[in-house]
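The primary structure of each chain is shown beneath.
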Amino acid sequence: MHTAARTRFALAAVAVGAVVALAGCSSSDPLETDAASSGSGETLVVGSQDYYSNEIIAEIYAQAFEANGFEVDRQFRIGQREVYLPEIESGAIDVFPEYTGNLLQALDDTATVTESTAVYDALTEALPEGLRALDQSSATDQDSYNVTAGFAEQWDLVEIGDLANVTEPLTLGGNSELETRPYGPPGLESVYGVTVGFTPIEDSGGPLTLKALVDGQVQLVDIYSADPNIEANDLVTLEDPEGLFLASNVVPIVSDKVDDTATEVLNTVSAALTPEILVSLNAQSVNDEDSAEDIASAWLEEAGLFS
Amino acid sequence: MNLIADGFAWLTDPANWTGAGSIPERLVEHLLVSLLILLIAGLIALPVGFTIGHTGRGKGLAVAVTGGMRAIPTLGLLTLAALWLGIGLAAPILALVVLAIPPLLAGAYSGLESVDRRVLDAAKGVGMTGLQRFTGVELPLSAPIVIGGIRSAALQIIATATLAAYTSDFGLGRFLFRGLKTNDYAEAFGAAVLVIALALLVDGLFALAQRFSVPVGVRVARSGEPTRSAADRATGRTTTNV
């Protein structure tokens, strides 16, 4: 009798352990996470944009929750901000990785701040009732101007303003909206005194934009700062001392269902996530084609968080 | 409702009708690039289609190839082409030519195929050469169907030529992309209306051309032959004595 009970206990422990381990490895199947419920008991719904890098961050949040005993329902790859923002506001999603500057711009298009802390403060003001921004991470994923290493060397370019010394005509390549954005050609002119032509390339700093830059069809391109292609193609990101670009740090946006323990979990993740780490996580997705689950669990293990 | 009103407000805003990158300029660009694509695709597809229809050889291959080409996603092909050719107009032109070839080819060979065998036998019987049969019998009798193929290709090209703006500063797609990316849906809606209007206009012109391309003899025979089915008329199938 005694031994039987012990055996049963051991079996149960193994089963729970196995489920927790499975949940740690993670999959998008919500059924697998059922047994790991020593946390608040409520299931936290984690969403993500239809953007691979955002999905990796969301997966890190999800696995961090699971490692701390929360149940997680993954609603990834929802789409663009217009689609998911109402879902967060309605309470259908509890946790969403966001970017301070871009989200601020979406919530308040009259905002003029660009510096990281100011953007974060403005964002906490602008968020609708019931939503909070937790600590922002030092990792950013924001617009940045890039040139080839050869071009940077030829004209001795470090900052955006150095482009004013280039005597050949400059063409900027990027999504069509860049042409009218405050950090596009008008901002380059007014803030840095740099005059550029514009060529639309509608792949958001993707392979076509890269090719146009490398082929010399354009000299300057807008690529997101966490894009591993910047490093892989030996591009030089021009510094932006005047704050032309809106700072956009990674930040979790959460609903009231996220309690103090869950908040602590996300703040720990955000503190550990640096710009370099975000680039390397993205590189694992772009170059090695690893899944978000694998990338997230490998990093959490490597960083020694929650172990 | 608001969006529609905003869209029409965008369309009627005089500021959008003058200057660089204005509506008239984009309309002309869109029409020109569409015509160029239609011309290139026509030069490739029509001779091949006519040869297949005239000789009756290679039809199986043509059906398979055009079917396969229809399945190619244009945006994917455009991206591939642009990775090879670089940004600019060349890549979208290539992608849209591929889009336009299947309807042109199908129109050409099925048009010729639809010509009544007895009419061709008669033409052969009076001593017409292959070329004479093609230009004097097959082409006029199949014209409505061939033009139907061109019409369908033109419609697809104009509707899809918005993709030219994916890699170049060209066409009505510029308004669409910019509107979508900046949440300016009035602009996107206005641009969509322009594309639709242009497509319908060109489609209407080809519909007229199609109607007037029916040979006089066929029209006369039709008016005296009220029992023929509508389907027959639509495909231009006719048993008239030319």
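Nothing here was measured: the structure is a model prediction, and the numbers come from that model. (Residues numbered from 1 in each chain as written. Chains lettered and ligands numbered in written order. Predicted model: local features only at pLDDT ≥ 70, side-chain atom pairs only at ≥ 80, totals over all residues. Heavy atoms only, no water.)

A.B. asks: Kindly report on the overall build of chain B, identifying the contributing residues and their values.
C.D. replies: Counting its regular elements, chain B contains 11 helices and zero strands. Counting helices and strands in the order they occur from the N terminus, chain B gives α-α-α-α-α-α-α-α-α-α-α. Residues counted as buried form 47% of the 242 residues belonging to chain B. Split by element, the accessible area of chain B, about 11,800 Å² in all, is 70% carbon and sulfur. Here chain B contributes 18 positively and 14 negatively charged side chains, and the mean placements of these two sets differ by 11 Å. (Helix = DSSP H or I, 4+ residues; strand = E, 2+ residues; numbered from the N terminus. Buried < 20%, exposed > 50% of the residue type's maximum accessible area, 1.4 Å probe, protein only. Areas by Shrake-Rupley, 256 points an atom, 1.4 Å probe, with all protein chains shown as cover. Lys, Arg positive; Asp, Glu negative; His and termini not counted. Charge placed at Lys NZ, Arg CZ, Asp CG, Glu CD.)

A.B. asks: Could you give an account of the pattern of salt bridges, naming the residues involved and the relevant values?
C.D. replies: Taken as a whole, this structure holds 15 salt bridges over all chains when the rule is applied. Taking the shortest distance from any N to any O, the salt bridge between Glu66(A) and Arg74(A) comes out at 2.9 Å. For Glu66(A), a relative accessible area of 5% corresponds to the buried category. The shortest N-O distance in the salt bridge between Arg174(B) and Glu179(A) comes to 2.6 Å. Taken together, the residues Arg174(B) in helix H8 (residues 173-181) and Glu179(A) in the loop between strand E6 (171-174) and helix H7 (185-192) connect one chain to another. Taking relative accessible area as the criterion, Glu179(A) reaches 27% and is therefore assigned partly exposed. Because the salt bridges share partners, they merge into one network encompassing Glu179(A), Arg26(B), Glu29(B), Asp169(B) and Arg174(B). (Salt bridge = Lys/Arg side-chain N within 4 Å of Asp/Glu carboxyl O.)

A.B. asks: Before we move on, can you summarise the UniProt feature "domain: ABC transmembrane type-1" (unreviewed entry) in chain B with the specific residues and values?
C.D. replies: Per the UniProt record, "domain: ABC transmembrane type-1" (unreviewed entry) is annotated on residues 31-206 of chain B. Between the C-alpha atoms that bound residues 31-206 of chain B there is a distance of 14 Å. The span itself is 82% helix and 0% strand. (UniProt positions renumbered as here; feature names shortened; annotations may be inferred.)

A.B. asks: So what about the domain arrangement of chain A? Which residues, and what values?
C.D. replies: All names here are of chain A. The domains assigned to chain A are domain 1 (44-140 + 247-303) and domain 2 (143-237). Computed over C-alpha atoms only, the centres of domain 1 and domain 2 are separated by 27 Å. The partner domain 2 presents five residues to the eight residues of domain 1 that form the contact. Carbon and sulfur atoms supply 54% of the area that domain 1 and domain 2 bury against each other, a total of about 680 Å² over both sides. Among the residues of domain 1 in contact with domain 2, Gln105, Thr140 and Val279 are the three that bury the most area, contributing 48% of the side total. Taken together, domain 1 and domain 2 are joined by zero salt bridges. Across the contact surface, domain 1 and domain 2 share one residue pair in polar contact (both at pLDDT 80 or more). By residue class, the composition of the side of domain 1 that touches domain 2 is five nonpolar, three polar and no charged. (Domains from an automatic or database assignment. Contact = heavy atoms within 4.5 Å. Buried area = accessible area lost by both parts, 1.4 Å probe. Polar contact = N/O pair within 3.5 Å; in protein donor to acceptor, adjacent residues only side chain to side chain. Nonpolar A, V, L, I, M, F, W, Y, C, P; charged D, E, K, R; others polar.)

A.B. asks: Help me get a handle on helix H8 (residues 207-214) of chain A, residues and values and all.
C.D. replies: A large share of H8(A) lies buried, amounting to six of its eight residues. For H8(A), the complete set of buried residues consists of Leu208(A), Thr209(A), Leu210(A), Lys211(A), Ala212(A) and Leu213(A). Of the surrounding elements, those touching the buried residues of H8(A) are strand E5 (143-148), E6, strand E8 (220-224), helix H9 (229-232) and strand E9 (235-237) of chain A together with helix H4 (74-85) of chain B. With its phi angle positive at about 80°, Gly216(A) sits one or two positions after the end of H8(A).

A.B. asks: Describe the pairing of E5(A), listing the residues and the values that go with them.
C.D. replies: Side-chain direction in a regular strand flips from residue to residue, so the side chains alternate between the two faces of the sheet. Residues and elements named next belong to chain A. In terms of burial, E5 is largely enclosed, as five of its six residues are buried. Direction of pairing for E5 relative to E8: antiparallel, over a ladder of four bridges. Bridged to Asp143 within E8 is Tyr224. For E5 and E9, the ladder comprises three bridges, and the chain directions are antiparallel. Its bridge partner lying in E9, Thr148 is registered against Leu235. (Pairing = 2+ DSSP bridges.)

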